[in-house]
Amino acid sequence: MTPAPRKLLIDTDTASDDAVALIMALRSPAVSVEAITIVAGNVPLRQGVSNALYTVELCHAKVPVYAGAEVPLHRPLEVADWFHGKDGLGDHGYRPAHPVEQKIDAIEAIVATARANPGLEIVTLGPLTNLALALEREPSLPELVSRCVVMGGAPCCEGNVTPAAEFNLWVDPEAARRVFLSKLKLELVGWQLSRFDAVLSENDIAEIAALNTALGNFSLECNSTAKAAYFTQTGEHGISLPDPIAMALLLQPELSLEATDHYTQIEARSELTRGMSLVDRLNVSGDERNAAMWAETRENAVPTKIHWAMDVPGWKQLLIESLR
Ligand code: RIB
Ligand code: CA
């Protein structure tokens, strides 16, 4: 008997890699996307809503899109138009034909969807502002959510916005700190997993182009700015897709080749290391010499599953199947 599809909520700051991740979920037979909630990040909130609505239409899907936080909890919004383009999708003029507005906001949608679907899986592809606010609105959220895959962080490695921090956690470090101090069963998919051989090479790009499908062509075109920006940022050629990699690990957990559980803290006080994801890989937090620094985390949180390595060919095969 075919198992019932898993219920999924996607929280996103819809720019070019987010859009490809949305396509992967909307085209997957393994999950039923119950809601897409938008948070300001890569682009301002309204643009993120528009980009998500366009992507849902492109997939001929009927999934409600809810508007969430316009700004981080305690800081001004810092967008990433330098990377994804002004509209977040490479500035090619994409617009949804039927921009449907929902009556409730993203925070209420997260809470209502979790209450209606105990065991719900959540994947976050942007700053954690919406999720932090949902935790405040519904403190029992961790019992209702079976798994929360977070695209973000730079576990024991360099970030992409500062040497210490990856963009999603850097934009709203207070929200990230709140989420990582909750009992949510978190899995961290850091920026480092989307680099090097995981980047779409010219051959991979040619394989997607050869599909000649609307989804494949859109995925390449909307990432045109990101491709150039990624080379400027890292010197690496190709299209780097952090959110689709997080989505791949959400959809097919067996693609993870190495993952271990560790207490994790997010820095929110220092400007130098704002948004840093401190992963206790050597379990020093259990040593009484470090007890004071880790007491709040060990008391309020559970260890986060850190994904350290992934089946790269498997990730790329899943992506291509989604775009076929
Ligand atoms: O650092 C990469 C992350 O920040 C991705 O989610 C990208 O879309 C941006 O939100
Ligand atoms: Ca994103």
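Predicted model, so just to flag it, every value in this text is computed and none were measured.

**With respect to the overall build of the protein**
And then number 1: A tally of regular secondary structure across the protein gives 14 helices and 10 strands.
And then number 2: By the compact-globule yardstick of 20 Å for 324 residues, the protein fits well, its C-alpha radius of gyration being 18 Å.
And then number 3: For the protein, the C-alpha atoms occupy an extent of roughly 60 × 45 × 45 Å along the three principal directions.
And then number 4: Restricting to contacts in the protein with at least 6 residues of sequence separation, those with at least 24 account for 82%.
And then number 5: When the accessible surface of the protein is totalled, it reaches about 13,200 Å², and 55% of it is carbon and sulfur.
And then number 6: Computing the positive centroid from 26 side-chain charges and the negative centroid from 42, the protein places the two 3 Å apart.

**Observations concerning the site of ligand 1**
And then number 1: By nearness alone, every residue bordering ligand 1 is listed as Asp-13, Asp-17, Asp-18, Asn-42, His-84, Leu-125, Met-151, Asn-160, Glu-166, Phe-167, Asn-168 and Asp-243.
And then number 2: For ligand 1, an oxygen atom lies 2.9 Å from a polar atom in the side chain of Asp-13.
And then number 3: At a separation of 2.6 Å, an oxygen atom of ligand 1 approaches a polar side-chain atom of Glu-166.
And then number 4: When the free accessible area of ligand 1 is taken as 280 Å², the share hidden by the protein chains comes to 96%.
And then number 5: Taken atom by atom, the bulk of ligand 1 overlaps the largest cavity.
And then number 6: Counting residues per element, the ones that place at least two in the shell around ligand 1 are helix H1 (16-26) and helix H7 (167-171).
And then number 7: Residue composition of the shell around ligand 1, grouped by class: three nonpolar, four polar and five charged.

**Observations concerning the nonpolar core**
And then number 1: Residues Leu-8, Ile-10, Val-33, Ile-36, Met-247, Trp-315 and Leu-319 are the most contacted members of the largest nonpolar core, which totals 70 residues.
And then number 2: Discounting chain neighbours no more than four positions away, the residues touching Ile-36 are Ile-10, Thr-12, Leu-22, Ala-52, Val-56, Val-63, Pro-64, Val-65 and Tyr-66.
And then number 3: Membership of the second largest hydrophobic core comes to 33 residues, among which are Ala-106, Ile-107, Leu-120 and Leu-128.

**What to know about the pattern of salt bridges**
And then number 1: Tallied over the full model, the rule gives 18 salt bridges.
And then number 2: The salt bridge involving Glu-138 is made with Arg-115; its shortest N-O contact spans 2.6 Å. Taken as a pair, Glu-138 in the loop between helix H5 (129-137) and helix H6 (141-144) and Arg-115 in helix H4 (residues 106-116) lie far apart in primary sequence, 23 residues in all.
And then number 3: By relative accessible area, which is 11% here, Glu-138 ends up buried.

**Some details on the coordination of the calcium ion (ligand 2)**
And then number 1: Bound to the calcium ion (ligand 2) on the protein side are Asp-13 (OD), Asp-18 (OD), Asp-18 (OD), Leu-125 (O) and Asp-243 (OD), at distances that span 2.2 to 2.7 Å.
And then number 2: On the primary sequence, the residues serving as donors to the calcium ion (ligand 2) are separated as D-x4-D-x106-L-x117-D. Taken together, the residues Asp-13 in the loop between strand E1 (6-12) and H1 and Asp-243 in helix H12 (residues 242-251) connect sequence positions 230 residues apart.
And then number 3: Given a relative accessible area of 1%, Asp-243 falls into the buried group.

**Observations concerning unusual backbone geometry**
And then number 1: The phi dihedral of His-60 falls on the positive side, at around 55°, and the residue is not glycine.
And then number 2: Within the element layout of this structure, His-60 appears in the loop between helix H2 (45-58) and strand E3 (65-67).
And then number 3: In this structure His-60 comes out as exposed when scored by relative accessible area, which is 72%.
And then number 4: Even without being a glycine, Asp-91 presents a positive backbone phi close to 60°.
And then number 5: Locating Asp-91 in the fold gives a position in the loop between helix H3 (81-84) and H4.

**Overview of the sheet that holds strand E5 (residues 145-151)**
Backbone-to-backbone hydrogen bonds join strands into a sheet, with any given pair of strands oriented parallel or antiparallel.
And then number 1: The strand order E3-E2-E1-E4-E5-E6-E10-E7 describes an open sheet built from eight strands, whose pairing is mixed. The outermost strands of the open sheet, each flanked by one partner alone, are E3 and strand E7 (256-262). Here the strands of the sheet are splayed against their neighbours by 25° on average, with no regard to which way each runs.
And then number 2: By the bridge criterion, four bridges tie E1 to strand E4 (residues 120-124) in an arrangement that is parallel. Pairing of Leu-9 across the sheet is with Ile-122, part of E4.
And then number 3: Contacting E1 and strand E2 (31-38), H1 runs over the sheet at an angle of about 170° to E1.

**Quick notes on the confidence of the model for the protein**
And then number 1: When pLDDT is averaged across the protein, the result is 97; 100% of the residues are at 70 or more.
And then number 2: Looking across the protein, the model is least confident in helix H13 (residues 291-300), with a mean pLDDT of 95, and most confident in E4, with 99.

**Description of H12**
Structurally, the α-helix is built with 3.6 residues per turn, so residues lying three or four positions apart point the same way.
And then number 1: Of all 10 residues in H12, 10 are buried; the element is thus mostly enclosed.
And then number 2: If you check which residues of H12 are buried, you get Pro-242, Asp-243, Pro-244, Ile-245, Ala-246, Met-247, Ala-248, Leu-249, Leu-250 and Leu-251.

Conventions and cut-offs
As a convention, each chain's residues are numbered from 1 in the sequence order in which they are written. Chains and ligands are labelled sequentially in the order written, the chains with letters from A and the ligands with numbers from 1. This being a predicted model, a pLDDT of at least 70 is required before a residue's local features are given, and a value of 80 or more before pairs of side-chain atoms are given or counted; all residues contribute to the totals for chains, interfaces and linings. Only heavy atoms go into the side-chain values, all of them from the structure, while hydrogens and water stay out. Helix and strand assignments follow DSSP, with helices taken as H or I runs no shorter than four residues and strands as E runs no shorter than two, numbered in order from the N terminus. Throughout, the radius of gyration refers to the C-alpha atoms, and the reference size of a globule is 2.2 Å times the residue count to the power 0.38. Should any heavy atoms of two residues lie within 4.5 Å, those residues are counted as being in contact. Here the open area of atoms and residues is found with the Shrake-Rupley method and a 1.4 Å probe, where only the protein chains shown may cover a residue. Positive: Lys, Arg. Negative: Asp, Glu. His and the chain ends are not part of the count. Taken as the charge location is NZ of Lys, CZ of Arg, CG of Asp or CD of Glu. The near set for a molecule or strand comprises every residue that places at least one heavy atom within 4 Å of it. Each polar contact in these results corresponds to two N or O atoms within 3.5 Å; when the atoms are within protein, one needs to be able to donate a hydrogen and the other to accept it, and residues that are neighboring in sequence are counted only if both atoms are side-chain atoms. Think of a 1 Å grid over just the protein atoms. A cavity is a set of points where a 1.4 Å probe fits yet cannot get out, a pocket is an open set with protein on both sides within 12 Å along at least five of seven lines, and lining residues have an atom within 4 Å of a point. Criterion for pocket placement: a molecule counts as inside a cavity or pocket if more than half of its atoms are within 2 Å of its grid points. Note on residue categories: nonpolar means Ala, Val, Leu, Ile, Met, Phe, Trp, Tyr, Cys or Pro, charged means Asp, Glu, Lys or Arg, and polar means any other residue, Gly included. For our purposes a nonpolar core is just a set of buried Ala, Val, Leu, Ile, Met, Phe, Trp, Tyr and Cys residues, chained together by side-chain atoms within 4.5 Å. Partly exposed residues are those whose accessible area sits between 20% and 50% of the maximum for their type, while under 20% is buried and over 50% is exposed, using a 1.4 Å probe and protein chains only. We count a salt bridge whenever a side-chain nitrogen from Lys or Arg sits within 4 Å of a carboxyl oxygen from Asp or Glu. For Na, K and Ca the donor cut-off is 3.2 Å, while for other metals it is 2.8 Å, and in both cases only N, O and S atoms qualify; water is not among them, so sites may look incomplete. Pairing between two strands requires that DSSP report at least two bridges joining them. In this analysis an axis means a line fitted to C-alpha atoms, helices contributing only their contacting stretch, and an angle means the value between N-to-C directions, from 0 to 180 degrees. Confidence per residue, as judged by the predictor, is encoded in pLDDT with a range of 0 to 100.

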